[in-house]
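Coordinate inspection notes
Residue strings, one per chain:
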Amino acid sequence: MLFVAAIRDFFHRFPFGVLLIAVLFMIVGAPISANIAHNIPGIQGPTGLAPLTVLLTLAAAYAVWNLSPHRAMVICAAGFVLALLGIGSLLTHRQRVPDFAHLLGQALFLLYVTGTILRTVFRARIVDGNVLCGAACVYLLFGALWGYSYAMLEVVNHASFTIIAPASETGIDLYDEPGWLIYFSYTTLTTVGFGDILPANAYARSLAVLEAVVGQIMLVVMLARLVGLHVAHTTTAPSLRDE
């Protein structure tokens, strides 16, 4: 009972923390899903990322549930995204239109969630655990959002990326294994750049460099805002106590 109460308290106090855990599962699980999709016939495209996408979508909806003035819209948007995922996963033959529609819906939903959390973080009066989790979510959701953008580009313009993979992972098709593109997005966002996947046309290169630049700017701005809030709180609190 104590464990259940602790979990319930965590969900109540740290909705952004719940989302942060889901995003971390996406980061760790995306490369694994790509490997599963490569080795198991029929587990391709949206199906390979389906469990991670469902977890991320539900956690995102929960995180902004109390922040949105239109709660019904949040539920409808999350349900619509999951419905598109279900349609794409149930198709026996890959169809570009359903795949693109799902990726676009997921990207727009994450964009709304990211904007809502960003507004909450910048309007916060004090820096607490939930605000810190929210700031981390904004940065990491940006990587997921860009990963879905890469996947949309791959659907529209096939072979937009080139994989330099080990011999054991030859014959990889990024249209069937979008987990690679989530992985590529986070290595680009963090400026790691292992070099095992490369943008192969001008559109892909433009998106990649834009993600790298905007990601670093976002990181600096978020840190400056959090430090400013903390300094302002620590300097005004003693004066209020003295009064």
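Residues numbered from 1 in each chain as written. Predicted model: local features only at pLDDT ≥ 70, side-chain atom pairs only at ≥ 80, totals over all residues. Heavy atoms only, no water.

Focus on helix α4 (residues 71–90)
With 20 residues, α4 ought to run about 28 Å at 1.5 Å a step, and its terminal C-alpha atoms sit 29 Å apart, in line with that. Listed in full, the buried residues belonging to α4 are V74, A78, V81, L84, L85 and G88. For α4, the angular spread of the buried residues around the axis is 120 degrees, confining them to a single face. The outward face of α4, more than 90 degrees from its buried face, is lined by the exposed residues A72, C76, F80 and L90. (Helix = DSSP H or I, 4+ residues; strand = E, 2+ residues; numbered from the N terminus. Expected span 1.5 Å × (residues − 1). Buried < 20%, exposed > 50% of the residue type's maximum accessible area, 1.4 Å probe, protein only. Arc of directions from axis to C-beta.)

Section: the pattern of salt bridges
The full count for this structure, using the stated rule, is one salt bridge. The closest approach of N and O atoms between R13 and D9, which form a salt bridge, is 3.5 Å. Of this pair, R13 and D9 are both found in helix α1 (residues 2–13), four residues apart, which corresponds to roughly one turn of the helix. (Salt bridge = Lys/Arg side-chain N within 4 Å of Asp/Glu carboxyl O.)

Observations concerning the packing of helix α6 (residues 129–156) against helix α7 (residues 179–189)
Two numbers describe how α6 lies on α7: the axes approach to 8 Å, and their chain directions differ by 130 degrees. Judged by the angle between their axes, α6 and α7 are oblique. Here α6 and α7 pass one another in a crossing that is right-handed. From α6, Y139, L140, F142, G143, A144, W146, G147, Y148, Y150, A151 and E154 reach across to α7, where they touch L181, I182, F184, S185, Y186, T188 and L189. Split into classes, the residues belonging to the contact of α6 with α7 amount to 13 nonpolar, four polar and one charged. (Axes fitted to C-alpha atoms, helices over the stretch in contact; angles between N-to-C directions. Parallel < 35°, antiparallel > 145°, perpendicular 65-115°, else oblique. Left-handed = near helix turned anticlockwise from the far one by under 90°. Contact = heavy atoms within 4.5 Å. Nonpolar A, V, L, I, M, F, W, Y, C, P; charged D, E, K, R; others polar.)

Regarding the packing of aromatic side chains
Under the criterion given, the structure shown has nine aromatic pairs. Between W180 and Y183 the ring centres are 5.9 Å apart and the planes differ by 90 degrees, which places this aromatic pair in the edge-to-face class. With W180 and Y183 both in helix α7 and three residues apart, this pair spans about one turn of that helix. The rings of F10, F11, F14 and Y62 are connected pair by pair, giving a single aromatic cluster. (Phe/Tyr/Trp six-rings, centres within 6.5 Å; stacked < 30°, edge-to-face > 60°.)

So, the nonpolar core
In this structure, L19, L56, V113, I117, L141, F161 and I197 are the most contacted members of the largest nonpolar core, which totals 62 residues. Not counting residues up to four positions away in its chain, the partners in contact with V113 are L19, A60, V64 and L141. (Core = buried A, V, L, I, M, F, W, Y, C linked by side-chain atoms within 4.5 Å.)

Details of the confidence of the model for the protein
For the protein, mean pLDDT is 85; residues scoring 70 or higher make up 86% of the total. Highest mean pLDDT in the protein belongs to α6 (93); lowest belongs to helix α8 (residues 202–242) (82). Note on residues 239–243: pLDDT is under 50 here. Beyond four places in sequence and across chains, it has zero contacts. (pLDDT = per-residue confidence, 0-100.)

A look at a nonpolar patch on the surface
A contiguous nonpolar surface patch, about 550 Å² in accessible area, is contributed by L118, F122, V209, L210, V213, I217 and V221. For the nonpolar patch, the secondary structure elements donating two or more residues are α5 (96–123) and α8. Ranked by residues supplied to the nonpolar patch, first place goes to α8 with five residues. One can find V221 in helix α8. (Patch = residues over 30% accessible without salt bridge, like charges linked within 9 Å, V, L, I, M, F, W, Y side chains within 5 Å. Areas by Shrake-Rupley, 256 points an atom, 1.4 Å probe, with all protein chains shown as cover.)

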